[in-house]
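Now for the letters of each chain:
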Amino acid sequence: MTRRGWVLFAAMAMIWGIPYFLIRVAVKEIPPSVVVFGRTSLAAVVLLVLAARAGAIRAALRRWRPVLVFAIVEMAIPWILLTTAEEHLASGLTALIVAAVPIVGTIAAFVLGDRHALRFVRIVGIALGLGGVALLVGRDLTSDQAPPWWSVVEVLIVVVCYATAPFLADRRLADVPSLGVIAVSLSIVTVIYAPIAALNLPAHTPRINAVLAVLALALICTGLAFVVFFRLIDEVGPARAGLITFANPVVAVALGAVFLDELITTATVIGFVLVAAGCWLATRPPPAMSQQSDDTLAEAGRGPLA
């Protein structure tokens with residue numbers, strides 16, 4: 001990997017590792033629907049400008065139906081669930097659960113007809129990863145201050161959404177510029193959440209740290225994130241770019257521990273190791289698989305946009 005590739009990789013590891021921390025800060029002062037609206041509306045403005053300059057919007061609008069479905073599955077549903085869940089769940093735990101996306105992506109690939117998806121090594125990876133998630137969730141739900149069980153279910157639904165949305169993009173939107181798809185998708189989600197947010201405005205003026213958290217979510221973790229991620233893919237390819245999945249939870253757990261006093265227990269460490277090992281094994285391509293198939297698998301199991 002080139003020096004530029006390493007710089008972009010490190011940037012993405014941080015940019016997609018901090019949303020969990022920022023969401024946790026924001027929802028203490030701002031209702032989840034308002035957080036989602038603020039995040040998508042500001043990011044949409046930035047990416048629409050960039051997409052318009054690149055001439056990528058018209059192609060996305062011509063394929064508005066699959067773009068609409070992608071926007072709902074990749075953004076509208078998971079972002080509200082993730083934000084709502086973090087009213088109760090620690091940011092680090094949330095990130096560790098979401099790290100299981102590539103494992104669910106491998107199962108989805110098998111369901112959709114990938115005959116290589118459930119080779120023995122991948123089955124072992126899926127078992128390890130699910131064991132890690134079970135350890136993380138079980139430890140938290142059996143603690144003295146256990147969060148509501150439905151908050152964990154919300155995050156698990158997020159995992160399914162993040163794992164399946166890339167397959168839709170790969171099958172229905174592969175010939176549409178990614179920047180156009182993301183810009184139009186963010187605009188769609190903004191329109192969906194505008195009336196919901198208007199009905200759920202906070203009763204008091206949020207503190208500045210919550211407002212700054214939403215701004216950072218929009219401008220850095222959403223707008224800038226996609227620009228950097230596309231450049232990372234161009235620089236190192238989808239397979240290597242997807243490895244940020246393993247770095248994001250480390251950043252999230254560290255930020256939660258340092259700034260939110262979230263505990264890092266033995267179960268946290270073991271759970272993360274199991275999930276990371278499971279993701280690595282579950283997404284390993286067969287020795288004879290072509291580079292194109294390798295990259296397709298990596299894109300399907302890429303790091304999620306939290």
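For the structure itself, consult the block above.
Quick caveat: nothing in here was measured; it's all calculated off a predicted structure.

Colleague: Help me get a handle on the side chain of serine 185, residues and values and all.
Modeller: Relative to the assigned elements, serine 185 resides in helix α10 (residues 178–198). Judged by relative accessible area, which is 0%, serine 185 ranks as buried. Within the local environment of serine 185, its side chain forms a polar contact with the backbone oxygen of valine 181, the two atoms lying 2.6 Å apart. Residues contacting serine 185, with those up to four places away along its chain left out, are Val67, Phe70, Ala71 and Met75.

Colleague: So what's going on with the packing of aromatic side chains? Which residues, and what values?
Modeller: Inspection of the entire model under this criterion finds six aromatic pairs. Ring geometry for phenylalanine 21 against phenylalanine 259: centres 5.7 Å apart, planes inclined by 50°, an arrangement best described as tilted. With phenylalanine 21 in helix α2 (residues 19–26) and phenylalanine 259 in helix α13 (residues 244–259), this pair connects stretches of sequence that are 238 residues apart. Between the aromatic rings of tryptophan 149 and tryptophan 150, the centroid separation amounts to 6.1 Å while the plane-to-plane angle is 80°, which identifies the pairing as edge-to-face. One aromatic cluster is present, formed by Trp16, Phe226, Phe229 and Phe230 through successive ring pairs. Stacked on the ring of tryptophan 79, the Lys or Arg arginine 39 has its end atom at 4.0 Å from the ring centre.

Colleague: Now, about helix α7 (residues 101–111): what can you tell me, with residues and values included?
Modeller: Every buried residue belonging to α7 is among Val101, Pro102, Ile103, Gly105, Thr106, Ala108 and Ala109, and all of these are buried. Positive phi shows up at glycine 113, right after α7, with a value of about 110°.

Colleague: Explain the packing of helix α3 (residues 32–53) against α10 residue by residue, including any values.
Modeller: Packing of α3 against α10 brings their axes to within 8 Å, and their N-to-C directions diverge by 145°. By crossing handedness, the relation of α3 to α10 is classed as left-handed. The segment α3 lies against α10, with Ser33, Val34, Val36, Phe37, Thr40, Ser41, Ala43, Ala44, Leu47, Leu48, Leu50 and Ala51 engaging Leu179, Gly180, Ile182, Ala183, Leu186, Ser187, Val189, Thr190, Tyr193, Ala194, Ile196 and Ala197. Here the residues of the contact of α3 with α10 sort into 18 nonpolar, six polar and no charged.

Colleague: An account of the side chain of serine 41 is requested, with residue identities and associated values reported.
Modeller: When you line up the elements, serine 41 lands in helix α3. Among the polar contacts listed, one links the side chain of serine 41 to the backbone oxygen of phenylalanine 37, at a separation of 2.8 Å. There is a polar contact of 3.3 Å between the side chain of serine 41 and the backbone oxygen of glycine 38.

Colleague: Describe the pattern of salt bridges, naming the residues involved and giving the relevant values.
Modeller: Using the criterion set out here, one finds three salt bridges in the structure. Here glutamate 235 makes a salt bridge to arginine 4, at a shortest N to O gap of 3.2 Å. Here the residue glutamate 235 occupies a position in helix α11 (residues 208–236), and arginine 4 occupies one in helix α1 (residues 3–15), the gap between them amounting to 231 residues. The exposure class of glutamate 235 is partly exposed, given its relative accessible area of 30%. Note on arginine 4: relative accessible area 46%, which makes it partly exposed.

Colleague: So what's going on with a nonpolar patch on the surface? Which residues, and what values?
Modeller: A surface patch of nonpolar side chains, amounting to about 750 Å² of accessible area, comprises Leu42, Val46, Leu50, Ile208, Val211, Leu212, Leu215, Leu219, Ile220 and Leu224. Only α3 and α11 provide two or more residues apiece to the nonpolar patch. Examining the composition of the nonpolar patch, we find that seven residues originate from one element, α11, more than from any other. With respect to the secondary-structure elements, leucine 224 resides in helix α11. The exposure class assigned to leucine 224 is partly exposed, which follows from its relative accessible area of 39%.

Rules used in this analysis
- Along each chain, numbering runs from 1 in the same order as the chain's sequence is written.
- Two thresholds apply to this predicted model, a pLDDT of at least 70 for residue-level local features and 80 or more for giving and counting side-chain atom pairs, whereas whole-chain, interface and lining totals are computed over all residues.
- With hydrogens and water stripped out, all remaining heavy atoms of the structure feed into the side-chain values.
- The numbering of helices and of strands both runs from the N terminus, where a helix is a DSSP run of H or I of at least 4 residues and a strand a run of E of at least 2.
- Each residue is assigned to one of three classes by its accessible area relative to the maximum for its type, calculated with a 1.4 Å probe on protein chains only: buried under 20%, partly exposed between the two thresholds, exposed over 50%.
- What qualifies as a polar contact is a pair of N or O atoms within 3.5 Å, subject to a donor-acceptor requirement within protein and to the restriction that residues adjacent in sequence count only when both atoms come from side chains.
- Here, residues are in contact when the closest pair of their heavy atoms is within 4.5 Å.
- When two rings of Phe, Tyr or Trp (its six-membered ring) have centres within 6.5 Å they constitute a pair, described as stacked for plane angles under 30 degrees, edge-to-face for angles over 60, and tilted for the intermediate range.
- Consider the ring centre and the ring normal. A charge sits over the ring if Lys NZ or Arg CZ is within 6 Å of that centre and within 35 degrees of that normal.
- Helix axes are fitted to C-alpha atoms over the stretch in contact, other axes to C-alpha atoms as well, and angles between N-to-C directions run from 0 to 180 degrees.
- It is the rotation of the near helix from the far one that decides the hand of a crossing: anticlockwise by less than a right angle makes it left-handed, clockwise makes it right-handed.
- Gly is placed with the polar residues, together with every amino acid not listed as nonpolar (Ala, Val, Leu, Ile, Met, Phe, Trp, Tyr, Cys and Pro) or charged (Asp, Glu, Lys and Arg).
- Criterion for a salt bridge: a side-chain nitrogen of Lys or Arg within 4 Å of a carboxyl oxygen of Asp or Glu.
- Each patch is built from residues lacking any salt bridge and having more than 30% relative accessible area; the joining distance is 9 Å for like charges and 5 Å for nonpolar side chains (Val, Leu, Ile, Met, Phe, Trp, Tyr).
- Residue burial considers only the protein chains on display, and all accessible areas are found by Shrake-Rupley using a 1.4 Å probe.

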